[in-house]
Amino acid sequence: MPATTDRPKIKENSTPFHSTSTAPDSQLKHSGAKQASFTAYPTSHVPVATSVPYKRNSWAPGVDGPAVALLTVLCAFTRLYQIGKRASVTWDESHFGKFGAYYINRTFYHDVHPPLAKMLIGLSEYLAGHNGTFTFKGDYPSYVDYKFMRCFTAAFGIGLAPLAYVTCLQLNMSRKMCVLAALFVILDNALCVMSRFVLLDEPLLLFTAASLCSIAGFQNNRHRAFSCQWWRWLLMTGASLGLVSSSKWVGFLAVALVGLYTVEELLSMYAGFTPAKTAAKHFGARVAGLILVPFAIYLVCFRIHFAILNRSGPGDATMPPAFQARLRGSPLSHQPFEVMFGSELSLRSMHPGSGLLHSHAHRYPDGSQQQQVTCYGHKDGNNNWVVVKPAAEEFNYTSDPLAAVRDGDIVRLLHKSTKSMLHSHRTYRAPISTRNFEVTAYGNREWKDSNNDWRIEIAREESVVRDGQIHAITTQFRLRHVNTKCLLTAAAVKLPSWGFRQTEVSCSPNNKTDSPSGLWVVEKHANARVPSVDMRPMVKKSFIRDFVRLNIEMARSNNALVPDKDKYNHLESDPWSWPFLIFPMRMIGSWKKGDIKYYEIGNPLLWWASTLACILFPFQLLYYHVCAVRGLNSTWAPGEELHFWNVSKLLWGGWALHYFPFFLMGRVTYIHHYLPALYFALLYLAFQIDHCCRRLLSGRAHSAAVFVWAVAALAVFCWFAPLTFGYTGSMDDLRYRQWLPTWNIYKDRYSL
């Protein structure tokens, strides 16, 4: 039966989707041709059927309120049921729980993710009574209320269901489809099991869902430009984008979705001959709401992060010495300020990711085959050098008056452990950066080799003391080789295994004096003849500098998470496999009978159906376009075509933007990286069911289809529920739940 015969008629005061003006007809008649042609947004001009047009949904407290409440209760049951069954640290709780403890102890750490979600985990631990002493290994102690911590994280997962309902309502889907979409979210096993532990994924998913809901509400109210409701949705979108990008960098994919939507919207205004003044107001509003607000939230999260973590911790080495010196308990906060000849130094390259100047008793396999000089990212005794005068100058470093190291001085650097001198020459090129000269450790203090001589060139001084001397931490300087005129350089280029994957150090003849790779700073200074001082008043604070540096280090660490293709890892999976649910993941290392086992597997019905809907959409779009071009009879209701595009560009576009970029990433990937894309796919599946039912089925058949989908999703969810809520029996009992040979439910086919 055609869909056009059973659609309910709408009230006369309902606003069709294609309606863009509320001006009376008499006003339009006298407004002139140019003014009458102006609309803030484009409309569909494809021939339409004579059926009743779509209408915009509005919140009905008597219907939507109870629906949201019931869905929230159902979602809470699936997320909280037996949440404390396993009283041991499970999967990545060992990482993120430990990060939360750092906030309780206020010790600085380093991680690849922005701080917001981890600060929320820290808050949950604080509220749960954790005192910061538990290291998140093994069983939870009695003084850590792990159930509360898991419930705190599960609350973010519970919020997905009501957000799914409201999002679909704002996308003007029928209310029974809004319920079905929320049920899809509730009944997905992967979304459920991931919300039951102390992880970052649930805050990320909630803020992603909030971003989608907000932009959907903004789109639904775009005909009310600059009204209070319009501004509320715009600012909610900006706030959600700030929260999601501050939780994980994958949240920037939501920013990309909203950004592309905004560009398309502004271009539509331009194509619709929007007056320049109106267009400028729209542009300014979006800059304020969608750029400034998210960026401000992102900055504030890092500001709070730095304010809390004010003590020295395991992440110190990733930050510049000036930052480390301000941390309480840092070994850099008290040391001699003025560098003298005879002082013992550790020199840090100002290039992010390079590390400390280092040498060890290993030789280059080629070239001069002299002792290697590298940069090393960790504190080590082989990072220590002694600054001495040229061999031709007689000087007693214990009895002669102290001599400060000044700008323009010629110095030599003696490696303390091996007694070799920092050396370079024209004869051999660097092993990796072949345009540069090789740098080695060669000779000893008594050798009169001018290739061991380096000239100090001060680049900048960040303390208030500007006397031309080298100062610990605050003076950035270059080391220029006297004979070759090249600059000592460390550009974060890694050596092969013979160099222990440490950073290559070379001597660059390019003389790029402004490059951070050629700048060095004294990180640690020791001299028994020079008194130590409190370095904190000497160091200038710069939040922006610390913010930029930390984000650079986060990116560098993230890029270093590369998979080992030669080694099988049952946890890892490639992006191509995710939509087809080919490689689910064991969340527990021990898979024996009696152990409580969790398996990250999605609801196969929902995963495969949503994947099919997403794959078929481009072909569906092509089919509709061909029909329109060839002038075939259209069964579109008024506004239906525009509605189909407006919903698809957000839901299918959100799925594509949250999925396809992973093919470009070199880092290690896991199946839970697909969950944000899955959220979009589940909502899009509900929309496609709604779209097809509207066009093909009558009202009763439409409702029956919704019921069948809901029951089928519930049945499959219950079938795999033992793996979601924790199974203690033998996995051989669940062998019939292994639908694909690649699933390792009861047997890992790659295990030896």
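Being a predicted model, the structure only gives us computed values, none of them experimental.

Draft legend 1. The overall build of the chain, seen in detail. What the chain contains, in helices and strands, is 20 helices and 17 strands. With the C-alpha coordinates aligned to their principal axes, the bounding extent of the chain is approximately 105 × 75 × 50 Å. The proportion of buried residues among the 752 residues of the chain is 55%. If you take every contact in the chain between residues at least 6 apart in sequence, the share linking residues at least 24 apart comes to 76%. Measuring between centres, the 76 positive side-chain charges of the chain sit 6 Å from its 51 negative side-chain charges.

Draft legend 2. Region of the structure containing the nonpolar core. Core analysis: the biggest nonpolar cluster contains 152 residues, and Tyr165, Phe184, Trp655, Tyr679 and Leu683 have the highest contact counts within it. When residues of this core are assigned to their parent elements, the largest contribution, 14 residues, is made by helix α18 (residues 675-696). Other than its neighbours up to four places away in sequence, Phe184 contacts Leu606, Leu682, Leu685, Ala686, Ile689, Trp709 and Ala713. Counting 44 residues, the second largest nonpolar core, distinct from the first, contains Val405, Phe437, Leu488 and Val522.

Draft legend 3. Quick peek at a nonpolar patch on the surface. Judged by side-chain polarity, Phe580, Trp608, Leu612, Ile615, Leu616, Phe619, Trp719, Tyr736 and Trp739 come together as a nonpolar surface patch covering roughly 950 Å² of accessible area. With five residues, helix α16 (residues 604-629) is the single largest residue contributor to the nonpolar patch. Tracing the backbone shows Leu616 in helix α16.

Draft legend 4. Representation of the packing of helix α3 (residues 61-80) against helix α7 (residues 160-170) within the structure. The N-to-C vectors of α3 and α7 enclose an angle of 145 degrees; their axes lie 8 Å apart at closest approach. With respect to the hand of their crossing, α3 and α7 are arranged in right-handed fashion. On α7, the residues that touch Asp64, Ala67, Val68, Leu71, Thr72 and Cys75 of α3 are Ala161, Pro162, Tyr165, Val166 and Leu169. Residue composition of the contact of α3 with α7, by class: nine nonpolar, one polar and one charged.

Draft legend 5. Broad picture of the packing of aromatic side chains. As enumerated under the stated definition, the model contains 59 aromatic pairs in all. Between Phe252 and Tyr298, the ring centres sit 5.9 Å apart and the planes meet at 65 degrees, which makes this aromatic pair edge-to-face. Note that Phe252 is positioned in helix α12 (residues 252-271) and Tyr298 in helix α13 (residues 276-308), a separation of 46 residues in sequence. According to the relative accessible area criterion, Phe252 is partly exposed, its value standing at 36%. Accessibility expressed as a relative area gives 7% for Tyr298, which makes it buried. Judged by centre distance (6.3 Å) and plane angle (85 degrees), the ring pair of Tyr679 and Phe680 falls under edge-to-face. We note that Tyr679, like Phe680, is buried. Across the ring face of Tyr746, the terminal group of Arg735 is positioned such that the distance to the ring centre comes to 4.4 Å.

Draft legend 6. Molecular detail of the side chain of Asn744. As for its placement among the helices and strands, Asn744 is situated in the segment after α20 (721-725). On the basis of relative accessibility, which here comes to 4%, the residue Asn744 falls in the buried class.

Draft legend 7. Here's a closer look at helix α19 (residues 699-719). With 21 residues, α19 should cover 30 Å at 1.5 Å per step; its first-to-last C-alpha distance of 31 Å lies within 8% of that length. Within α19, the full set of buried residues consists of His702, Ala705, Val706, Ala710, Ala713, Val716 and Phe717. Along the long axis of α19, the arc covered by the buried residues comes to 135 degrees, so they all point the same way. Within α19, the exposed residues directed more than 90 degrees away from the buried face are Arg700, Phe707 and Val708. In this structure, the buried side of α19 is in contact with α3, α8 (175-186), α9 (189-194), α16, α18 and α20.

Draft legend 8. Region of interest: the confidence of the model for the chain. Averaged over every residue, the pLDDT of the chain is 88; the share at 70 or more is 91%. Taken together, the stretch residues 1-53 has pLDDT below 50 and engages in 78 contacts with residues farther than four places along the chain or on a different chain.

Draft legend 9. Spotlight on the pairing of strand β2 (residues 344-349). When you tally the buried positions in β2, you get five out of six residues, the bulk of the element. Bridge count between β2 and strand β5 (residues 385-388): two bridges; the pairing is antiparallel. The residue of β5 that forms the bridge with Leu345 is Trp385. Pairing between β2 and strand β14 (residues 520-526): six bridges, direction antiparallel. Note on β14: the bridge partner recorded for Ser346 is Lys524.

Draft legend 10. Just the state of the cysteines, in detail. Inspection of every chain in the model, using the stated rule, returns one disulfide. Each sulfur of the disulfide joining Cys486 and Cys507 lies 1.9 Å from the other. An S-S torsion of about 95 degrees defines the bridge between Cys486 and Cys507 as right-handed. Here Cys486, found in the loop between β10 (475-481) and β11 (487-489), pairs with Cys507, found in strand β13 (residues 506-508); they are 21 residues apart in sequence, far enough to count as distant. Overall, the relative accessible area of 0% leaves Cys486 in the buried class. Here Cys151 is not disulfide-linked; the sulfur of Cys192 is the nearest cysteine sulfur, at 13 Å. The class of Cys151 is partly exposed, set by a relative accessible area of 31%. For the unlinked cysteine Cys627, the closest cysteine sulfur is that of Cys692, found at 14 Å.

Draft legend 11. Layout of the pairing of strand β9 (residues 454-461). Here strand β6 (residues 410-415) pairs with β9 via two bridges, running antiparallel. If you follow Val411 over to β9, its bridge partner there is Trp454.

Draft legend 12. The pattern of salt bridges, seen in detail. Per the stated rule, a full pass over the model turns up 21 salt bridges. A salt bridge links Glu264 to Lys649; the nearest nitrogen and oxygen atoms lie 2.9 Å apart. In this pair, Glu264 is assigned in helix α12 and Lys649 in helix α17 (residues 640-659), connecting sequence segments 385 residues apart. By relative accessible area, which is 14% here, Lys649 ends up buried. When salt bridges that share partners are traced, they join Arg326, Glu462, Arg545 and Asp546 into one network.

Draft legend 13. The side chain of Arg737, seen in detail. Checked against the element boundaries, Arg737 lands in the segment after α20. Despite its burial, Arg737 pairs with no opposite charge; the closest candidate is Asp733, at 8.8 Å N-O. Setting aside chain neighbours within four positions, we find Arg737 in contact with Trp719, Phe720, Pro722, Trp743 and Ile745.

Draft legend 14. Molecular detail of unusual backbone geometry. The phi dihedral of Lys485 is positive, around 65 degrees, even though this residue is not glycine. For Lys485, the position within the fold is in the loop between β10 and β11. One non-glycine residue, Leu581, adopts positive backbone phi at about 55 degrees. With respect to the helices, strands and loops of the structure, Leu581 is situated in the loop between α15 (543-559) and β16 (585-586). A relative accessible area of 0% places Leu581 in the buried class.

Draft legend 15. Structural view of helix α10 (residues 201-220). Between its first and last C-alpha, α10 extends 28 Å over 20 residues, near the 28 Å set by a 1.5 Å rise per residue. Within α10, 20 of the 20 residues are buried, which leaves it mostly tucked inside the rest of the structure.

What counts and how
Residues numbered from 1 in each chain as written. Predicted model: local features only at pLDDT ≥ 70, side-chain atom pairs only at ≥ 80, totals over all residues. Heavy atoms only, no water. Helix = DSSP H or I, 4+ residues; strand = E, 2+ residues; numbered from the N terminus. Buried < 20%, exposed > 50% of the residue type's maximum accessible area, 1.4 Å probe, protein only. Contact = heavy atoms within 4.5 Å. Lys, Arg positive; Asp, Glu negative; His and termini not counted. Charge placed at Lys NZ, Arg CZ, Asp CG, Glu CD. Core = buried A, V, L, I, M, F, W, Y, C linked by side-chain atoms within 4.5 Å. Patch = residues over 30% accessible without salt bridge, like charges linked within 9 Å, V, L, I, M, F, W, Y side chains within 5 Å. Areas by Shrake-Rupley, 256 points an atom, 1.4 Å probe, with all protein chains shown as cover. Salt bridge = Lys/Arg side-chain N within 4 Å of Asp/Glu carboxyl O. Axes fitted to C-alpha atoms, helices over the stretch in contact; angles between N-to-C directions. Left-handed = near helix turned anticlockwise from the far one by under 90°. Nonpolar A, V, L, I, M, F, W, Y, C, P; charged D, E, K, R; others polar. Phe/Tyr/Trp six-rings, centres within 6.5 Å; stacked < 30°, edge-to-face > 60°. Lys NZ or Arg CZ within 6 Å of the ring centre and 35° of its normal. Expected span 1.5 Å × (residues − 1). Arc of directions from axis to C-beta. pLDDT = per-residue confidence, 0-100. Pairing = 2+ DSSP bridges. Disulfide = S-S within 2.5 Å.

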